[in-house]
Amino acid sequence: MQLKINKKLYERGRKRHKVSLKDLQNITDAFLNEVKSYSIKKPYILYGITQNPDTKDYIMVLDDEYCGKCGERYTNVYIKWCKSCQIDNLKSNIVSGNEKIDNLIQEMQLKINGYNDLVFEWIPYNQFNDIEKKSKYSFTAAIWKDGPLKYNRDKKLYERGERSHRNVSLKHLQNNTDAFLNEVKSYSIKKSYILYGITQNPDTKDYIMVFKDEYCEKCGEKYADISCKWCKPCQIDNLKINFSNWTSGNEKIDDLIQEMQLEINKWNDIVFEWIPYNQFDYIKEIDKNGCSTVYSAIWKEGPLKYDENEKIYKRSQCFKVALKYSHNSQ
Ligand SMILES: [Zn+2]
Ligand SMILES: [Zn+2]
């Protein structure tokens with residue numbers, strides 16, 4: 001219970017109040033000095049003193065702001081997160097088998113400053129499922145079985161378990177410790193990259209960086225749209241490569257279509273294109289006036305739509321459109 005000022009008199013709050021008791025020897029002078037020293041330390045909240053009737057030990061009654069393990073005040077009192085104890089706990093998982101790499105991981109973990117900071121770690125290679133078979137030195141997608149660590153404030157420990165964060169991008173590097181360490185360091189200071197940790201392929205001995213799946217596996221740039229995995233430079237490249245696969249037969253029109261395609265900016269922007277007339281079925285006149293005639297039609301293959309799983313544009317179904325014929329354009 002805590003004393004509370006309430007109109008001219010002190011009352012105790014109704015809620016139970018959790019406190020830390022600090023046991024001291026049964027020596028009055030020493031105890032008094034200790035109490036005085038605590039009472040001027042600002043971060044400590046000292047509620048009062050008591051005495052154990054059996055042992056006669058004097059006891060200070062402090063707010064429960066202290067780590068049960070080391071006795072230091074929590075780095076984050078509200079969350080009950082003790083930086084030194086938590087970093088100490090994490091040490092046991094650093095088992096790369098290479099001293100330089102272990103040191104790097106430890107160095108990165110020491111930079112943790114808050115309970116929700118990312119914990120950089122050594123991740124055993126068998127934690128990865130569905131590793132895409134792609135070129136050796138670029139990003140490949142994979143599923144991290146247990147996912148990254150997250151602090152559980154009730155249990156006061158780090159746990160794994162958020163499904164949404166299990167998609168990762170792996171970046172393979174040669175089996176060369178120093179080159180790898182430099183690369184990891186260079187990535188760790190780039191704000192835009194979320195680097196969960198490192199691992200090693202036990203067969204090839206290649207070292208691998210484990211990133212949050214936010215990077216195009218083709219060019220390594222961050223996706224313009226992360227949820228849809230749409231990379232603007234790569235998609236524009238694809239459209240350019242495809243320029244030779246279609247033509248209207250008229251250079252000016254081809255130029256206009258190309259120009260409009262290169263203006264694409266989002267995954268769901270329309271891909272403006274040349275559509276061969278034989279793509280249309282069921283052409284029916286629906287409106288006619290002095291300068292134009294409008295027909296309804298079915299576009300057999302339909303427009304391009306971005307497929308986030310295959311990361312390409314695809315056509316899915318027939319699609320009803322209106323065709324507008326301008327009498328003045330001829
Ligand atoms: Zn502690
Ligand atoms: Zn890309």
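Our structure's up above, just so we're on the same page.
As the structure is a prediction and not an experimental result, all values here were calculated from the model. (Residues numbered from 1 in each chain as written. Chains lettered and ligands numbered in written order. Predicted model: local features only at pLDDT ≥ 70, side-chain atom pairs only at ≥ 80, totals over all residues. Heavy atoms only, no water.)

(A) How the structure looks around the overall build of the protein. The helix and strand inventory of the protein stands at six helices and 18 strands. Buried positions account for 36% of the 330 residues belonging to the protein. Partitioning the intrachain contacts of the protein with sequence separation of at least 6 by distance along the chain shows that 49% fall at a separation of at least 24. Of the roughly 21300 Å² that the protein leaves accessible, carbon and sulfur atoms contribute 50%. (Helix = DSSP H or I, 4+ residues; strand = E, 2+ residues; numbered from the N terminus. Buried < 20%, exposed > 50% of the residue type's maximum accessible area, 1.4 Å probe, protein only. Contact = heavy atoms within 4.5 Å. Areas by Shrake-Rupley, 256 points an atom, 1.4 Å probe, with all protein chains shown as cover.)

(B) Molecular detail of the coordination of the zinc ion (ligand 1). In this structure, C67 (SG), C70 (SG), C82 (SG) and C85 (SG) serve as the protein donors to the zinc ion (ligand 1), at separations of 2.2 to 2.3 Å. Bound by four donor atoms, the zinc ion (ligand 1) shows angles of 105 to 114° at the metal and therefore tetrahedral coordination geometry. Along the chain, the residues donating to the zinc ion (ligand 1) are arranged with the sequence spacing C-x2-C-x11-C-x2-C. Residue C70 is located in the loop between β5 (58-63) and α2 (83-90), and its partner C82 is located in the loop between β5 and α2; the two are separated by 12 residues in the primary sequence. Residue classification places C70 among the partly exposed positions, given a relative accessible area of 35%. (Donors = N, O, S within 2.8 Å, 3.2 Å for Na, K, Ca; no water. Tetrahedral: all angles 85-135°; square planar, octahedral: opposite > 155°, others 65-115°.)

(C) How the structure looks around the sheet that holds strand β8 (residues 139-144). The mixed open sheet is built from six strands, whose spatial order is β6-β12-β13-β11-β8-β7. Because the sheet does not close on itself, it has two edges, and the strands there are β6 (121-122) and β7 (128-129). Judged from the two bridges that link them, β6 and strand β12 (residues 195-200) form a sheet pairing that is parallel. The partner of E121 across the bridge, within β12, is G197. Contacts between helix α4 (residues 177-188) and the sheet are confined to β8, β11 (167-173), β12 and β13 (207-212), with β13 contributing the most and set at about 15° to the helix. (Pairing = 2+ DSSP bridges. Axes fitted to C-alpha atoms, helices over the stretch in contact; angles between N-to-C directions.)

(D) Molecular detail of helix α6 (residues 251-261). Those residues of α6 lying buried are D254, I257 and Q261. All buried residues of α6 fall inside an arc of 65° around its axis, so they share one side. Pointing more than 90 degrees away from the buried face of α6 are the exposed residues E251 and K252. The N-cap of α6, judged by a side-chain oxygen 2.8 Å from the amide nitrogen of K252 a few residues on, is N250. (Arc of directions from axis to C-beta. Polar contact = N/O pair within 3.5 Å; in protein donor to acceptor, adjacent residues only side chain to side chain.)

(E) Structural context of the coordination of the zinc ion (ligand 2). Around the zinc ion (ligand 2), the protein supplies C216 (SG), C219 (SG), C231 (SG) and C234 (SG) as donor atoms, at distances of 2.2 to 2.3 Å. Geometry at the zinc ion (ligand 2) is tetrahedral, judged from the four donor atoms that bind it and their angles of 105 to 114° at the metal. Spacing between the donor residues of the zinc ion (ligand 2) along the chain follows C-x2-C-x11-C-x2-C. In this pair, the class of C231 matches that of C234, namely buried.

(F) Focus on helix α5 (residues 232-241). Restricting attention to buried positions, one finds in α5 the residues C234, Q235, I236 and L239. Looking at the packing, one finds that the buried side of α5 touches α6, β16 (304-307) and β17 (312-315).

(G) Structural detail: the packing of helix α3 (residues 99-110) against α4. Viewed as axis vectors pointing N to C, α3 and α4 meet at an angle of 10°, and their least axial separation amounts to 10 Å. The orientation of α3 with respect to α4, classified from their angle, is roughly parallel. Once α3 is placed against α4, the crossing between them reads as right-handed. When α3 is examined against α4, the residues K100, I101, L104, E107 and M108 are found in contact with a partner set consisting of T177, D178, F180, L181, V184, K185 and S188. Taken together, the residues of the contact of α3 with α4 sort by class into six nonpolar, two polar and four charged. (Parallel < 35°, antiparallel > 145°, perpendicular 65-115°, else oblique. Left-handed = near helix turned anticlockwise from the far one by under 90°. Nonpolar A, V, L, I, M, F, W, Y, C, P; charged D, E, K, R; others polar.)

(H) Inspection of a nonpolar patch on the surface at higher detail. A cluster of nonpolar side chains, namely L256, M260 and F272, defines an oily patch on the protein surface of about 240 Å² accessible area. Take F272: its relative accessible area is 33%, and that puts it in the partly exposed class. (Patch = residues over 30% accessible without salt bridge, like charges linked within 9 Å, V, L, I, M, F, W, Y side chains within 5 Å. Salt bridge = Lys/Arg side-chain N within 4 Å of Asp/Glu carboxyl O.)

(I) Representation of the nonpolar core. In terms of nonpolar packing, the biggest core is built from 20 residues, with I101, F180, V184, I198, M209 and F211 touching the most fellow members. Those elements that place two or more of their residues in this core are α3, α4, β12 and β13. The contact partners of I101, leaving out residues within four places of it in the chain, are S96, W122, T177, F180, L181, I198 and Y207. (Core = buried A, V, L, I, M, F, W, Y, C linked by side-chain atoms within 4.5 Å.)

(J) Expanded view of the pattern of salt bridges. For the coordinates displayed, the defined rule picks out 10 salt bridges. Taking the shortest distance from any N to any O, the salt bridge between E159 and K155 comes out at 2.6 Å. In this structure E159 comes out as partly exposed when scored by relative accessible area, which is 27%. Under the relative-accessibility criterion, K155 is labelled exposed at 52%. In this structure, K229 and D213 form a salt bridge, with 3.0 Å as the shortest nitrogen-oxygen distance. Separated by 16 residues along the polypeptide, K229 in the loop between β13 and α5 and D213 in the loop between β13 and α5 bring together distant segments of the chain. With respect to class, K229 is no different from D213; both count as buried.

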